[in-house]
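Reading the structure
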Amino acid sequence: MHQALYRKYRPQTFDDVYGQGHITDVLRYEVEHGSVSHAYLFCGSRGTGKTTCAKILARAVNCENPTHGSPCGQCAACREIAAGTATDVIEMDAASNNGVDAIRQICDEATYTPAALQKKVYIIDEVHMLSQGAFNALLKTIEEPPEHVVFILATTELQKLPATIISRCQRFDFYRIDVKVIAERLHHIAQNEQIVLSDDAATLLARQAQGGMRDAIGLLELCGAGGAEVSADQVQNILGLSGYDAAAKALTYVAQENISALFGIVAEVVSSAKDISVYWQELLSFVRDMLICKYAENAAAYLDLTAQEMETLSATAAQFTMPRLIHICGLLDEAAAKMVRVPATKRMTAELALLKMCRPQLDVSPEALAARVSALEDKLALLDMGASVARPQQNIPKEDPVREEIPTDKPVKEEAAHSAPSTNEPTLENVRDISEALSRLDDSHKSLAGFLSQADISTSADGQTLYIAAEGFAAAMLGQPDAKEAIAQAFALAKITDGKAAVTVKTKAAAAKHAADEIGKLL
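Summary of the structure given here. A quick note: this is a predicted structure, and the numbers were derived from the prediction, not measured.

Conventions we followed
- Residues numbered from 1 in each chain as written.
- Predicted model: local features only at pLDDT ≥ 70, side-chain atom pairs only at ≥ 80, totals over all residues.
- Heavy atoms only, no water.
- Pairing = 2+ DSSP bridges.
- Helix = DSSP H or I, 4+ residues; strand = E, 2+ residues; numbered from the N terminus.
- Axes fitted to C-alpha atoms, helices over the stretch in contact; angles between N-to-C directions.
- Contact = heavy atoms within 4.5 Å.
- Core = buried A, V, L, I, M, F, W, Y, C linked by side-chain atoms within 4.5 Å.
- Buried < 20%, exposed > 50% of the residue type's maximum accessible area, 1.4 Å probe, protein only.
- Right-handed = clockwise from strand over helix to strand, strands pointing away.
- Expected span 1.5 Å × (residues − 1).
- Arc of directions from axis to C-beta.
- Polar contact = N/O pair within 3.5 Å; in protein donor to acceptor, adjacent residues only side chain to side chain.
- Salt bridge = Lys/Arg side-chain N within 4 Å of Asp/Glu carboxyl O.

Before going further, it helps to examine the sheet that holds strand β1 (residues 39–44). Spatial strand order, β2-β3-β4-β1-β5: five strands in an open sheet with parallel pairing. Looking at strand neighbours, the two that pair on one side only are β2 (89–93) and β5 (170–174), the edges of this open sheet. Between one strand axis and the next, the sheet turns through 15 degrees on average, direction left out of account. Sheet strands touched by helix α5 (residues 100–110): β2, β3 (120–125) and β4 (149–155). Its angle to β3, the strand with the most contacts, is close to 165 degrees.

Listed below in structure tokens is the structure:
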């Protein structure tokens, strides 16, 4: 008979448990030193090892030859408990046995000594499902149980347990398992099962499991059932995922207010038979990642992404301000909840939410008003600087709009946007973080963000001049008068320069030659 992989590879000792060392170390120590508690409370999200650790602990306290606090797995007690035939280890699912009578029966049986083992162990799973009467019946026994009894309570919703129960247990919080740890375990299982698993596929499966090892192993078995190599594309197809690039594409269209293209994306998701709710969760996750990427100091520490995904994320995040991202998060969250309540209208719910993302003026929520106020503040700041503010137009991208406008061999003019810099250039200060400036580019110049991201940018010490060194074609694009005007405004709004600075654009080759000439003069 086939055995599911998550059962086949369920840890048998504390050493085999992944990602919960802070718990297994304590349990191993208590067993080894004979200081086992009378009641334990294991809480945490699903698939993180609560029931597994409960079963290992049940074997460990009854093992005839424990090894450093872990069960040996060879003695009669270990074999009986592992096979589920030990009468002194009782597992109960509180979801289906939540009445007071079931708990009273347990309390009555607990007074009798074990039939064959050293201790009676009661494992009550999903304990938060017990009724109030059942909790009251359990309270006295769990507070002062007989010496031969150990209670292990497991729950995914700690907040539903009475404080009186929690206070009488030794509590352990099971953390969500790190993506890298899950991926490592998946590779180990795949190798044993002769499944060819790519690194990208393992990472994607681990991400989808949301910290649960059991879910990750189940997804691996699902994707590897066909016998072929498990690749990232295969995982996306089987699980109905659209991928990171698809989410980036949709958010880019939102930044460009390209409503027509967004309707096309929704139609594509629906026609491909993918669940739009799954796609919506991907968008939510992507926007969350954008907020972290844009505003966290060490974003990589909070994001389990490849280098390519990180690059895609940074480029997309550069097109948004914080108020706009918060507004989008609110719309995505509200739409996700409505899809659950009224699944028949998922498509329309998605389309309306995307429309509101492009047109904040259609939404009267506080987040939408904050986004609009932020845009107005930018315009007022530009007016104070003496800049003209054009009415934003919908930007519908072409296949390659940059190449259509300017030939690659067009010379780059190196004059400033407003006034030519002096011959003796002031001391320069490198600009490391331009993400805020990129998000301030007006709608008709969003395409400049990619060129600026690859450029070397510095400012004069007085903040009055902005120097940009880019590759030939990028320099040609950034050197256009309207582009330099937009750049000057964006960097001023981001407070990188002191007001609207003069902008000088050079090719990197020209900038390097100039630096070499200056060094030659000094020598």
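We now examine the nonpolar core. Ranked by size, the top nonpolar core spans 43 residues in total, and within it Trp280, Met290 and Met357 carry the most contacts. Mapped by element, the contributors of at least two residues to this core are α12 (244–255), α13 (259–271), α14 (276–295), α15 (307–317), α16 (322–341) and α17 (346–358). Ranked by residues supplied to this core, first place goes to α14 with 10 residues. Residues Leu452, Phe473, Ile487 and Val505 belong to the second largest nonpolar core, which totals 29 residues.

Turning our attention to the pairing of β3. With five of six residues buried, β3 is to be regarded as a mostly interior element. Both β2 and β3 contribute to a ladder of five bridges, which runs parallel. Pairing of Met92 across the sheet is with Ile124, part of β3. Running through α5, the crossover from β2 to the neighbouring parallel element β3 is right-handed. Pairing of β3 with β4 involves five bridges; the strand directions are parallel. Its bridge partner being in β4, Ile123 is matched across the sheet by Ile152. On the question of chirality, the crossover connecting β3 to the parallel β4 by way of helix α6 (residues 132–143) is right-handed.

The α-helix winds at 3.6 residues per turn, so residues separated by three or four positions along the chain end up facing the same way. For helix α8 (residues 179–192), which comprises 14 residues, the first-to-last C-alpha distance of 20 Å matches the rise-based estimate of 20 Å (1.5 Å per residue) to within 8%. Those residues of α8 not exposed but buried are Val179, Ile182, Ala183, Arg185, Leu186, Ile189 and Ala190. For α8, the angular spread of the buried residues around the axis is 165 degrees, confining them to a single face. For α8, the exposed residues lying more than 90 degrees away from the buried face are Lys180, Glu184 and Gln191. Summarising the contacts, the buried residues of α8 are in contact with α1 (5–8), α9 (199–208) and α10 (213–223). In this structure Asp178 caps α8, since a side-chain oxygen of it lies 2.9 Å from the backbone nitrogen of Lys180. Directly beyond the C-terminal end of α8, a positive phi value near 60 degrees is found at Gln194.

Across the sheet, four strands lie side by side as β6-β7-β8-β9; this open sheet has mixed pairing. At either end of the open sheet lies a strand with only one pairing partner, and these are β6 (428–430) and β9 (502–507). Taking the axes of each pair of neighbouring strands and ignoring which way they run, one obtains an average angle of 25 degrees across the sheet. As judged from the six bridges shared by strand β8 (residues 465–470) and β9, these two strands associate in the parallel manner. Within β9, the position partnered with Ile468 by the bridge is Val505.

Among the structural elements, Pro11 can be located in the loop between α1 and α2 (21–32). Relative accessible area serves as the criterion here: at 17%, Pro11 is assigned to the buried category. The sequence separation of Pro11 and Thr52 amounts to 41 residues, and the corresponding C-alpha distance is 6.9 Å. Contacts of Pro11, omitting those with residues within four sequence positions, involve Asp16, Val17, Thr52, Ile56 and Arg59.

Turning our eyes to something else, we now look at α13. In this model, α13 (13 residues) spans 18 Å end to end at C-alpha, consistent with the 18 Å of a helix rising 1.5 Å per residue. All of the buried residues in α13 are Ile259, Ala261, Leu262, Ile265, Val266 and Val269. Buried residues of α13, seen end-on, are gathered within an arc of 165 degrees and therefore sit on one face of the element. Facing away from the buried side of α13, by more than 90 degrees, are the exposed residues Ser260, Glu268 and Ser271.

By secondary structure assignment, the location of Asp289 is in helix α14. Note on Asp289: relative accessible area 5%, which makes it buried. Aside from chain neighbours lying at most four places away, what touches Asp289 is Tyr244, Leu303, Leu305 and Leu313.

On to the pattern of salt bridges. Applying the stated criterion to the full structure yields 15 salt bridges. A salt bridge links Glu193 to Lys8; the shortest N-O distance between them is 2.8 Å. Taken as a pair, Glu193 in the loop between α8 and α9 and Lys8 in helix α1 lie far apart in primary sequence, 185 residues in all. Under the relative-accessibility criterion, Glu193 is labelled partly exposed at 25%. When its relative accessible area of 44% is taken as the criterion, Lys8 is described as partly exposed. Salt bridges sharing common partners tie together Asp15, Asp25 and Arg28.

Let us now look at unusual backbone geometry. Here the phi dihedral of Gln194 falls at roughly 60 degrees; this positive angle occurs in a residue that is not glycine. Looking at the secondary structure, you find Gln194 in the loop between α8 and α9. Even without glycine at this site, Glu257 takes up a positive phi of about 55 degrees. Mapped onto the elements of the fold, Glu257 is located in the loop between α12 and α13.

On to the side chain of Arg28. Here Arg28 is to be found in helix α2. Among the polar contacts listed, one links the side chain of Arg28 to the side chain of Asp25, at a separation of 3.1 Å.

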